[in-house]
Amino acid sequence: MTQQKPQSKHYPQHIDLEPVMHVEGTVRLPGSKSISNRTLLLAALAEGETLIHDLLASDDTAVMLEALRALGIKWEEVDERSIRVHGGGGTLPQHEADLFMGNAGTAIRPLTAALAVIGGDYTLHGVSRMHERPIGDLVEALNAVGAAIEYTGEPGFPPLRIKRGHIHANRMAVRGNVSSQFLTALLMAAPLMARGHAVTIDVVGELISKPYIEITLNLMRRFGVTVEQNGWASFTVQPGQRYTSPGSIHVEGDASSASYFPAAGAIGGGPVRVEGVGADSIQGDVRFADALERMGALVTRGPNWIEARANGPLQAIDADFNHIPDAAMTIAVAAPVCRRPQHAAQHRQLAREGNRPPGGDGDRTAQTRRRGGGGRRLPAHHATCGTEPRHHRHLRRPPHGDVLFAGGPGRQGAPRQCHAHQRSEVRRQDFPGLFRSVRGHRAQRTVLIAPGAYQR
C-alpha cells in the first residue's frame, strides 16, 4: 500500500455535554502518543523494517509520519492500526527539508536532536502555539557539542534552522527541571554520536517526569541500545551500538488518557475498566490509580487493564504529581467532590521548604501554562482554585506556585471556551455533570465552544 497524506479534519463549533448520573463500562484506549512518536523515530533510525501495531492516529503522529516521509524514510499502512517503517540505518536519505511540526512537542524535540547529529539543512516550524513552547535547553546542549542550530524567531523557541555541524560529544549536559523531552531527545540521538567513543549525558538539577525517561530507555532497549544509568544524574551510551528493528512492536494504550476513566468511575459509581494499560505498563501515568486508591476509590488491576469504582465519598490527599504531570489535572478535576480542600501539589517539599520548590515550574514551562488554564476554568463550576509558593492554607490565587482546589457546587450550564492543549481541555470539561450529580446539585448541560481549537 502506498503512502497516503492524512485527510484534513473538520470539527464542530460546539459540543453539548449532558449531565451523567452514573458511569460504568469498559474503554479500549488508543495508543500512547509518547510511545507512538518515540517508536516511529526509533524505527526510522533502525536497521531493517519495523511493523508497528496499535499506532495512535492523531495530529502528533501524523506530523511525525509526514516529517519522516519528507526526510526520505519510507513507510506504508498495513491496516488501520498498523504501519511498516523501512529504517534508514542511522542515516536519512534527504539532507534538506522544510518540516511542519504542528503543535507536536513529541515530534519536534527528538527530531531536532536527531537532525542536528545526522546533519543537513533543515527548517522546523509549527503553529503559533508551538512557537511558545520552549526548546532552548535542548538547542544549547546540542550547540555546546558542535551542532549548528539557529533560532529564526524568538531565542529559545521554534522555529529552528538546523545546519550541518561538527559533533564532538564525549560529555554533554542538559537541565532536567524544564521538560523531560529534552533528555529523551538527547538519549535517542546519543547512539548516533557514540560511533567511536562513549557519550555521557549529565542532568543539571532535579529531573522531572522520570517515568517518561523510563519509557524512552525501555524503547531504546527494544531497538537494541542499552543505556547505563548513574541514578538519574547521568546516562551513558557505550560506543558501537546501533538501532536494530525488533521486527514488530505493539504500542501500549495511552496511560495519560487512561486517567479520565478511572476518575469517572471513582466519581460516578463505576465500575469503569480501561483496557490497554495495566500492571505491566511501562508508562508512569498508570500510577494515577494509586492516587485514586489513596482518595478512597476501589481499584483493581490486571496485566493489561485497570478498573475503578466508588467506595463512598472521595477523601482529600496531599500528593506529589511532578512524576506524572499529565495526570495532575485529572486529580484537579476530581478535587471538587472531595470532602475537604484538595491540594494537588507538584512537589513534596512544598510546605516544609517555605519557598518555591526545587524543580521549579516544570509543568508550567513544559506545556505553556496549561495548569493555570485549568485553574481559570474550574471556578466556572464553583470550584475554588489557588496557586501557592509556600503553604496550602488559602483558597485565593496567589501569583506563583502550586495549585489548590476546594470543593464547591457546580454552576449550571456554564459554557467553556477551548484552548490549544488537549489534556487541559478534556480533563476540565469531561466531568461537570458528574460533580453535580455526586454532590447532589441539579445538573444541567455544559457547552464546549470551538472544541476544534485543540484538534485531538
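Residues numbered from 1 in each chain as written. Predicted model: local features only at pLDDT ≥ 70, side-chain atom pairs only at ≥ 80, totals over all residues. Heavy atoms only, no water.

Considering the environment of Arg69
Relative to the helices and strands, Arg69 resides in helix H2 (residues 59-70). A sequence separation of 25 residues divides Arg69 from Gln94, and the C-alpha atoms of the two residues are 9.3 Å apart. A distance of 2.4 Å separates the side chain of Arg69 from the side chain of Glu66, its partner in a polar contact. (Helix = DSSP H or I, 4+ residues; strand = E, 2+ residues; numbered from the N terminus. Polar contact = N/O pair within 3.5 Å; in protein donor to acceptor, adjacent residues only side chain to side chain.)

Side note on the sheet that holds strand E10 (residues 171-175)
Sheet architecture is open: four strands sit in the order E10-E11-E13-E12, paired in mixed fashion. Strands at the two margins of the open sheet, each flanked by one partner only, are E10 and strand E12 (228-230). On average, each strand axis in the sheet is inclined to that of its neighbour by 20 degrees, with strand direction left out of account. Bridge count between E10 and strand E11 (residues 199-204): five bridges; the pairing is parallel. Each bridged residue has a counterpart across the sheet, and for Val174 the counterpart in E11 is Val203. (Pairing = 2+ DSSP bridges. Axes fitted to C-alpha atoms, helices over the stretch in contact; angles between N-to-C directions.)

Structural notes on the nonpolar core
Considering soluble globular proteins, one finds that nonpolar side chains tend to be buried as a cluster. Within the largest apolar cluster, 79 residues are counted, with the highest numbers of intra-cluster contacts made by Met101, Leu124, Leu142, Met172, Leu183, Leu187 and Tyr243. With 10 residues, helix H5 (residues 180-193) is the largest single contributor of residues to this core. Beyond its immediate chain neighbours, meaning those up to four positions away, Leu183 contacts Val174, Ile201, Val203, Leu207, Ile213 and Phe235. Formed by 30 residues, the second largest nonpolar core is a distinct cluster that contains Ala258, Phe288, Ala316 and Val337. (Core = buried A, V, L, I, M, F, W, Y, C linked by side-chain atoms within 4.5 Å. Buried < 20%, exposed > 50% of the residue type's maximum accessible area, 1.4 Å probe, protein only. Contact = heavy atoms within 4.5 Å.)

Overview of the packing of helix H4 (residues 136-143) against H5
In helix packing, the relevant descriptors are the interaxial angle and the interaxial distance, both defined with respect to the helix axes. Taken N-terminus to C-terminus, the directions of H4 and H5 make an angle of 30 degrees; their axes are 9 Å apart at the nearest point. Handedness of the crossing formed by H4 with H5: right-handed. Seen from H4, the contacting residues are Asp137, Leu138, Ala141 and Leu142; seen from H5, they are Phe182, Ala185 and Leu186. (Left-handed = near helix turned anticlockwise from the far one by under 90°.)

Things to note about the sheet that holds strand E9 (residues 160-163)
The strand order across the open sheet built from four strands is E6-E7-E9-E8, with neighbouring strands paired in mixed fashion. Each edge of the sheet is formed by a strand with only one pairing partner; in this case those strands are strand E6 (96-100) and strand E8 (148-151). Averaged over all pairs of adjacent strands, the angle between strand axes in this sheet comes to 15 degrees, irrespective of strand direction. Looking at chain direction, strand E7 (residues 121-125) and E9 are connected through three bridges and run antiparallel. Bridge pairing in E9 links Tyr122 to Ile162. The sheet strands contacting helix H3 (residues 105-118) are E6, E7, E8 and E9, and the helix crosses E7 at an angle near 170 degrees.

Comments concerning the packing of helix H1 (residues 33-45) against H2
The interhelical angle for the contact between H1 and H2, taken along N-to-C directions, is 10 degrees, at an axis separation of 9 Å. Overall, the two elements H1 and H2 adopt an arrangement that is roughly parallel. Every residue of H2 that contacts H1 at Lys33, Ser36, Asn37, Leu40, Leu41 and Ala44 is listed here: Asp60, Thr61, Met64, Leu65 and Leu68. In terms of residue class, the contact of H1 with H2 is built from six nonpolar, three polar and two charged. (Parallel < 35°, antiparallel > 145°, perpendicular 65-115°, else oblique. Nonpolar A, V, L, I, M, F, W, Y, C, P; charged D, E, K, R; others polar.)

Thoughts on the side chain of Asp202
With respect to the element layout, Asp202 can be found in strand E11. A polar side-chain atom of Asp202 sits 2.7 Å from a polar atom in the side chain of Arg171.

Observations regarding the confidence of the model for the protein
Mean pLDDT over the protein works out to 78, with 72% of the residues at or above the 70 mark. Scored below 50 in pLDDT, residues 341-414 makes 192 contacts in the model with residues more than four places away or belonging to other chains. In this model residues 419-446 is a low-confidence stretch, pLDDT under 50, and it forms 106 contacts with partners more than four residues away in sequence or in other chains. (pLDDT = per-residue confidence, 0-100.)

Some words on the side chain of Ser281
Within the secondary structure layout, Ser281 lies in the loop between strand E15 (269-275) and helix H9 (288-294). A polar atom in the side chain of Ser281 sits 3.0 Å from the backbone nitrogen of Gln283. In contact with Ser281, other than residues within four places in its own chain, are Glu252 and Val286.

Concerning the pattern of salt bridges
Per the counting criterion, the structure on display carries 16 salt bridges. Put simply, Asp54 and Arg81 hold a salt bridge, and the shortest N to O gap is 3.5 Å. You can see Asp54 sitting in the loop between strand E3 (49-53) and H2 and its partner Arg81 sitting in the loop between strand E4 (74-79) and strand E5 (82-86), a full 27 residues away along the chain. We classify Asp54 as buried; its relative accessible area is 19%. Its salt-bridge partner being Arg129, residue Glu132 comes within 3.5 Å of it at the nearest N-O pair. A cluster of three or more residues bridged by salt bridges with shared partners is formed by Glu49, Glu76 and Arg84. (Salt bridge = Lys/Arg side-chain N within 4 Å of Asp/Glu carboxyl O.)

Description of the packing of aromatic side chains
Summed over the entire model, instances satisfying the criterion amount to two aromatic pairs. Seen in terms of ring centroids, Tyr260 and Phe261 are 6.0 Å apart; in terms of plane orientation they differ by 65 degrees. Their pairing is edge-to-face. On the accessibility criterion, Tyr260 (6% relative accessible area) is buried. Since its relative accessible area comes to 27%, Phe261 is described here as partly exposed. Across the ring face of Trp305, the terminal group of Arg273 is positioned such that the distance to the ring centre comes to 3.6 Å. (Phe/Tyr/Trp six-rings, centres within 6.5 Å; stacked < 30°, edge-to-face > 60°. Lys NZ or Arg CZ within 6 Å of the ring centre and 35° of its normal.)

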